[in-house]
Amino acid sequence: MAERRKRVDAVIIGYGWAGAIMAKTLTDAGLSVVALERGPARDTSPDFEYPRIVDELKYGVRGDLWQPLAKETVTVRHGVNDVAAPYRKYGSFVLGNGVGGAGVHWNGQLWRASPEDLRLRSHIEERYGKSAIPHDMTIQDYPVTFEELEPHFDHFEKVCAVSGIAGNLRGAIRPGGNPFEGPRSDEFPTPPLPPIEVARLFERATAELGYKAFPVPSANSSIPYTNPYGVRLGPCNLCGFCERFGCFLYSKASPQTSILPILVDRPNLEVRTGAYVTKILRDSSGKIATGALYIDDSGAEVEQPADLVILSAFQMHNVRLLLLSGIGTPYDPATSEGLVGKNYAYQMVAQTAAYFSEDVEINPFIGAGAAGQRTIDEFNSDHFDHSGLGFIGGSQIYAGATGGRPIDQMMLPPDVPHWGAGWKAGIRKHYRHSAPLGTMGTVMSYRDRYLSLDPTYKDAHGLPLLRITFDWHDNEYKMAAYSASKMEEIVRVMKPEKHATILMRPGMPYDVRIYQSTHTTGGAIIGSNPTNSVINRYSQSWDVSNLFIYGASAFPQNIGYNPTGLLAALAYFSAAKIGDSYLKSPGPLVPA
Amino acid sequence: MRWKTGILTVGIVGVVGLLAAMGTSYVGDRYAGEKHLAGPPATPELVARGAYLARLGDCAACHSIPGKPPYSGGLRMVTPIGAIYTTNITPDPTYGIGRFSLADFDRALRFGVANGHTLYPAMPFTSFYNTTPEDVAALYAYFQQGVPAAVVSNRPSDIPFPLSMRWPLTYWRWLFAPKPTPFQPLAAADAEVARGAYFVEGLGHCGECHTPRAVTMQLKATTPKDGSAYLSGAVIESYFAPSLRNGGTGTLGDWSVEELAQFLKSGASSKGIAFGSMSDVIIHSTQYMSDADALAAATYLKSIRNDDAGKAGPFLYDPAVHTALKNGDASKPGALAYLDNCAACHRPDGLGYERVFPRLAGNGVVQAGDPISLISIILNGASTPRTKGAPAQFAMPSFATRLSDQDVTDLVNFIRSSWGNHASSTTARDVARVRKATRPNG
């Protein structure tokens, strides 16, 4: 029998970026809030202190900050006729854990979406005709526009002290910025850091080719900066220990560095760590959530009653919890019935390693998650004419590593041995003269790519794991090949002695062993009505009106940008509506 | 026999003298202070004013401890003769000050006398002596009406008899405590300076940490009129509370009034960030000052000038060390340790990052005559205060396990002699002493 706690106004499941945004919003409005986080409490001091944090083996390889897979993981299969196997060792993506979640160990690449990304199906049909979208591609429009989200993109960028240069400021195209971006209402809050060496070479090469390179928008503050909440962030020093690590300089935006300092003393907020939520509880009608059921650190089952339930447990776990709680109908690819789990997508990446001559001094250890890198957007989204190319979507093409760490980031040409004297000679020759370029591209959603509960494998508490059914489609192979060809063109202008490209080609299935990206999306998608989505434009569940779901689980397909900016903007957009309307009169905010 | 008579005489005179002394001091204690004070009625405004003044006086710093009701006492304070514990000053009639009249309260606050004996000067009545009658009445109203009564008994001191006898304190008080007179601004004083003086010399009790003490433990100066020792800096625990005067290096000479006021309200300015006990003062006391009071206190402090103020120019930054480090020259002793441990936050140019990681170049604390603060901070780390105006808290890790005494010595000397800093060297013995005092368990 679960121990029942005292009822609160709102319970938040998962205390990462979205959870912190909602904790601030709801406590601002005077609600009593309990935030449940299954992982441990974490803060810059003591958990990310220098020099302990700059331990590549502990954090970068063994993932001390990540979700322990032995307790809970996912299973993966390529197609509906395959048997899924557990993801026992980290590879393709890494999963956050603890207060701050993945917002602690991300790179800090903080993008918006292109305006057309938010109405993708309509836009593609308008430009290329209905036949441009294959029958099994299930992309759809967002029920919210770029203009509606713009103030929230802007606000989150200020909260995160993002460094960059505006390319489109209120309609005026500005040099140095991204000419393809949607109009910004304001400049970036902090200036970009100077380019690291490979980015500088990239700037020159892309200029020769007529492309407009610009700084990657970085939630790595370039200067000490006080955000709109009065929280001051520190400066990025390009230490080379960004992704996978916590930031010891208070510079990488995370819930800890950007939001939690003002929440710490709020009497109406209680944070419970070690609280592993297993179910969202509902009343007998099934239409109203009554709280969350969780297992605490001692193994006891606890019920936390609440009038409002916020599900912000990361894209994967949002979908899993909906399925475990029986909320909505699970998607069945055979019948196309149901929506929970539908439209799972990922990120298609490629990389070219450039090996320069010894007079080109690249100091690879100088790097940050986003700061110092440069990118072009010419070949992303629908910024270019796709006529005759046979695919839709595209990629950003960028230059710059996040560091030169010895275990994972020392690149070598394919002909260099992997061990021994030959390896050492190769490292000596190439370490300070090599750098990567990369593409990060869109992945569309398809009928046969989805999430469901695994029939066999269970977590440490005996609950079914989430099963991913995913593999690449033709569209993505073609898109990646095209983007990679553009990247190689740029690389050739940079004149390395040699270069090597890693690219997914037809015949190469999705490989979970190699890190690609943690941008997993979909499964609880946003849409205009209950027949095409799990949540409405305010991130409110169509099925359970006092349940709001935040994260990239909302994305109907994935964009060619990192997802954090868009998911945060959707959260702030929803938060404003909750404050304005929902709290005064709870109920469905959009007619079904 | 004559010698027996002699001894007896001496003995009787001694005992009589002792009794007389004790009796005199007892009588003196009982009747010290104003005998009759009629207070104004305790309106909500008066209670609120009292609450504000209690913040300024930081009564909670000693009379409130975590886990216990506010102002119920119990803080352990170490004296040379044993530990004492602060008292319950809630309105509880049995254990607190519920039975105090306004006169009793005034006697305790300004004269240092309560329950018929002199208070240990850990209670800074030597600073509170100048509190005006209106403010005493406000504080009394707050502590009687605004604070919930807490039934928490007072813990007796750990001081062994006969050292626990109080009457010698009466003599200390008569000899050394400033005469309790309500604050009067100097005739020619600017109103804002006077307002700042009232706070700094009085309730703010800044001198209790920032003014050095004589061997008999009293402050060497309690106002600027008492001479250049006033607020000239003093060692407290294992830190040096810096000079708050204006002059050359190690003083507030380079600070502006606005920077000082900002520091009081948020714990940070571009010139420095609070550490050690001052962090607690900012968090519990000065962050609640009104803007006007913070500016007044800052204006007053900026008016206290050393003889050499004006002769010493502003700090002159010297780029030589930064240039050397940029060129890969880390040959200066301590330079490599600085690059490996400090430079990420404090930068190779020693300029830090404004109101995040303090600058070391030209920093008054870094350049103080006594390097103990720098040594303590390197060994034990430091955390900036979290205030309403500055909610982000930045922490410097402890380097005690990573650096030896010699490493710390080299580092301290490097920092105190780079970028234009000119301050004396320290030795491994000094570092070892601080390490032992602050980290007895290693």
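Residues numbered from 1 in each chain as written. Chains lettered and ligands numbered in written order. Predicted model: local features only at pLDDT ≥ 70, side-chain atom pairs only at ≥ 80, totals over all residues. Heavy atoms only, no water.

Asker: Give a description of the overall build of chain B that names residues and reports values.
Answerer: Across its full length, chain B carries 18 helices and 10 strands. By principal-axis analysis of the C-alpha atoms, chain B measures approximately 80 × 70 × 45 Å. Counting the 442 residues in chain B, one finds 49% classified as buried. The contacts in chain B between residues at least 6 apart in sequence include a share of 66% that link residues at least 24 apart. Carbon and sulfur atoms make up 60% of the accessible area of chain B, which totals about 21,000 Å². Charge centroids of chain B, computed over 39 positive and 34 negative side chains, lie 7 Å from each other. (Helix = DSSP H or I, 4+ residues; strand = E, 2+ residues; numbered from the N terminus. Buried < 20%, exposed > 50% of the residue type's maximum accessible area, 1.4 Å probe, protein only. Contact = heavy atoms within 4.5 Å. Areas by Shrake-Rupley, 256 points an atom, 1.4 Å probe, with all protein chains shown as cover. Lys, Arg positive; Asp, Glu negative; His and termini not counted. Charge placed at Lys NZ, Arg CZ, Asp CG, Glu CD.)

Asker: A description of the overall build of chain A should follow, citing residues and the corresponding values.
Answerer: Looking only at helices and strands, chain A has 13 helices and 22 strands in total. For a compact globule of 592 residues, the expected C-alpha radius of gyration is about 25 Å, and chain A comes in at 23 Å, within 12% of that figure. Counting only C-alpha atoms, chain A reaches 70 × 55 × 50 Å along its principal axes. Put simply, chain A has 592 residues, and 64% of those count as buried. Within chain A, contacts between residues at least 6 apart in sequence are counted, and of these 75% link residues at least 24 apart. Entry remark: accessible area of chain A is about 21,200 Å², with carbon and sulfur atoms responsible for 53%. For chain A, the separation between the mean place of its 56 positive charges and that of its 61 negative charges on side chains is 2 Å. (Rg over C-alpha atoms; globule rule 2.2 N^0.38 Å.)

Asker: Which residues make up the sheet that holds strand 17 (residues 395-399) of chain A, and what values go with them?
Answerer: All names here are of chain A. Read from one edge of the open sheet, 6 strands run 8-16-17-18-15-21, paired in antiparallel fashion. With partners counted over all chains shown, the strands left at the sheet margins are strand 8 (214-215) and strand 21 (498-502), one partner each. Strand direction decides the pairing type here: strand 8 and strand 16 (residues 374-376), joined by 2 bridges, are antiparallel. Residue pairing for strand 16: Phe-214 is matched across the bridge by Thr-375. Along the sheet, helix 7 (residues 197-208) makes contact with strand 16, strand 17 and strand 18 (434-441), crossing strand 16 at roughly 30°. (Pairing = 2+ DSSP bridges. Axes fitted to C-alpha atoms, helices over the stretch in contact; angles between N-to-C directions.)

Asker: Can you break down helix 10 (residues 315-325) of chain A residue by residue, with the values?
Answerer: Residue and element names in this part refer to chain A. In terms of burial, helix 10 is largely enclosed, as 11 of its 11 residues are buried. Of the residues making up helix 10, those classed as buried are Gln-315, Met-316, His-317, Asn-318, Val-319, Arg-320, Leu-321, Leu-322, Leu-323, Leu-324 and Ser-325. Positive phi shows up at Gly-326, right after helix 10, with a value of about 70°.

Asker: So what's going on with the environment of Ser266(B)? Which residues, and what values?
Answerer: Residue and element names in this part refer to chain B. Mapped onto the secondary structure, Ser-266 falls in helix 10 (residues 257-266). Overall, Ser-266 belongs to the buried group, its relative accessible area being 12%. Put simply, Ser-266 and Thr-323 are 57 residues apart on the chain and 33 Å apart in space, counted from C-alpha to C-alpha. Leave out the neighbours within four places in its chain, and Ser-266 touches Ile-282, Pro-385, Thr-387 and Ala-390.

Asker: I'd love a proper account of unusual backbone geometry, names of residues and values included.
Answerer: Following Ser45(A), the chain continues to Pro46(A) via a peptide bond in cis, the omega torsion being 10°. Its place among the elements puts Pro46(A) in helix 2 (residues 44-47). The residue after Tyr50(A), namely Pro51(A), is reached through a cis peptide bond having omega 5°. Relative to the elements of secondary structure, Pro51(A) occurs in the loop between helix 2 and helix 3 (56-61). Its identity as a non-glycine residue notwithstanding, Ser539(A) has a phi of 60°, on the positive side. By secondary structure assignment, the location of Ser539(A) is in the loop between strand 21 and strand 22 (547-549). A positive phi angle, close to 70°, is found at Arg347(B), a residue other than glycine. The topology assignment puts Arg347(B) in the loop between helix 15 (343-346) and helix 16 (372-380).

Asker: Report on the pairing of strand 12 (residues 276-282) of chain A, specifying residues and quantitative values.
Answerer: Residues and elements named next belong to chain A. Of all 7 residues that make up strand 12, 5 are buried, and the element is covered over most of its length. Here strand 12 runs beside strand 13 (residues 289-295); their pairing, made up of 6 bridges, is antiparallel. Pairing of Lys-279 across the sheet is with Leu-293, part of strand 13. From the end of strand 12 to the start of strand 13, which pair antiparallel, there are 6 residues, and Gly-286 there has a positive phi angle of about 80°.

Asker: Summarise the sheet that holds strand 19 (residues 450-458) of chain A; cite the residues concerned and give the values.
Answerer: All names here are of chain A. Strand order in the open sheet formed by 4 strands is 5-4-20-19, and the pairing between neighbours is mixed. In this open sheet, the two strands that pair with only one neighbour each are strand 5 (85-86) and strand 19. Relative to strand 20 (residues 464-469), strand 4 (residues 74-77) is paired through 4 bridges, and the arrangement is parallel. By the bridge assignment, Thr-75 is partnered in strand 20 with Arg-467. Contacting strand 4, strand 19 and strand 20, helix 10 crosses the sheet at an angle of about 120° to strand 20.

Asker: Residue-level account of the interface of chain B and chain A, with values.
Answerer: It is common to give the size of an interface as the accessible area that goes away when the parts come together. Counting from both sides, the interface comprises 18 residues of chain B and, opposite them, 21 residues of chain A. Contact between chain B and chain A buries roughly 1,500 Å² in total, counting both sides, with carbon and sulfur atoms accounting for 63%. For the interface between chain B and chain A, the tally reads 0 salt bridges. Our count for the chain B to chain A interface comes out at 5 residue pairs in polar contact (both at pLDDT 80 or more). Secondary structure elements with two or more residues in the side of chain B that touches chain A: helix 14 (335-341) and helix 15 of chain B. A class-by-class count of the residues in the side of chain B that touches chain A yields 10 nonpolar, 3 polar and 5 charged. (Buried area = accessible area lost by both parts, 1.4 Å probe. Salt bridge = Lys/Arg side-chain N within 4 Å of Asp/Glu carboxyl O. Polar contact = N/O pair within 3.5 Å; in protein donor to acceptor, adjacent residues only side chain to side chain. Nonpolar A, V, L, I, M, F, W, Y, C, P; charged D, E, K, R; others polar.)

Asker: Which residues make up the state of the cysteines, and what values do they have?
Answerer: Applying the stated rule across the entire model yields 0 disulfides over all chains. Cysteine Cys239(A) is unpaired, with the sulfur of Cys247(A) as its nearest cysteine sulfur at 6.4 Å. Cys239(A) sits in the partly exposed class, given a relative accessible area of 31%. In this structure Cys59(B) is not part of a disulfide, and its nearest cysteine sulfur, from Cys62(B), lies 9.0 Å away. Its relative accessible area of 15% is what places Cys59(B) among the buried residues. (Disulfide = S-S within 2.5 Å.)

Asker: Go over the pattern of salt bridges with me, naming the residues and quoting the values.
Answerer: As enumerated under the stated definition, the model contains 41 salt bridges over all chains in all. For the salt bridge of Lys271(B) with Glu259(B), the shortest nitrogen-to-oxygen distance reads 2.8 Å. Placement of Lys271(B) in the loop between strand 7 (268-269) and strand 8 (272-273) and of Glu259(B) in helix 10 is noted, with a sequence separation of 12 residues between them. For Lys271(B), a relative accessible area of 23% gives the class partly exposed. For Glu259(B), a relative accessible area of 16% translates into the label buried. Sharing partners across several salt bridges, the network here consists of Arg112(A), Glu150(A), Glu157(A), Glu181(A) and Arg184(A).

Asker: Outline the packing of helix 16 of chain B against helix 17 (residues 405-415) of chain B, supporting the account with residue identities and numerical values.
Answerer: Packed helix pairs are specified by the crossing angle of their axes together with the interaxial distance, meaning the distance between the axes. Residues and elements named next belong to chain B. In the contact formed by helix 16 and helix 17, the axes pass within 10 Å of each other and the chain directions differ by 130°. By the angle class used here, helix 16 and helix 17 are oblique. Handedness of the helix 16/helix 17 crossing: right-handed. Of the residues in helix 17, those in contact with Leu-374, Ile-375, Ile-378 and Leu-379 of helix 16 are Val-408, Leu-411, Val-412 and Ile-415. (Parallel < 35°, antiparallel > 145°, perpendicular 65-115°, else oblique. Left-handed = near helix turned anticlockwise from the far one by under 90°.)

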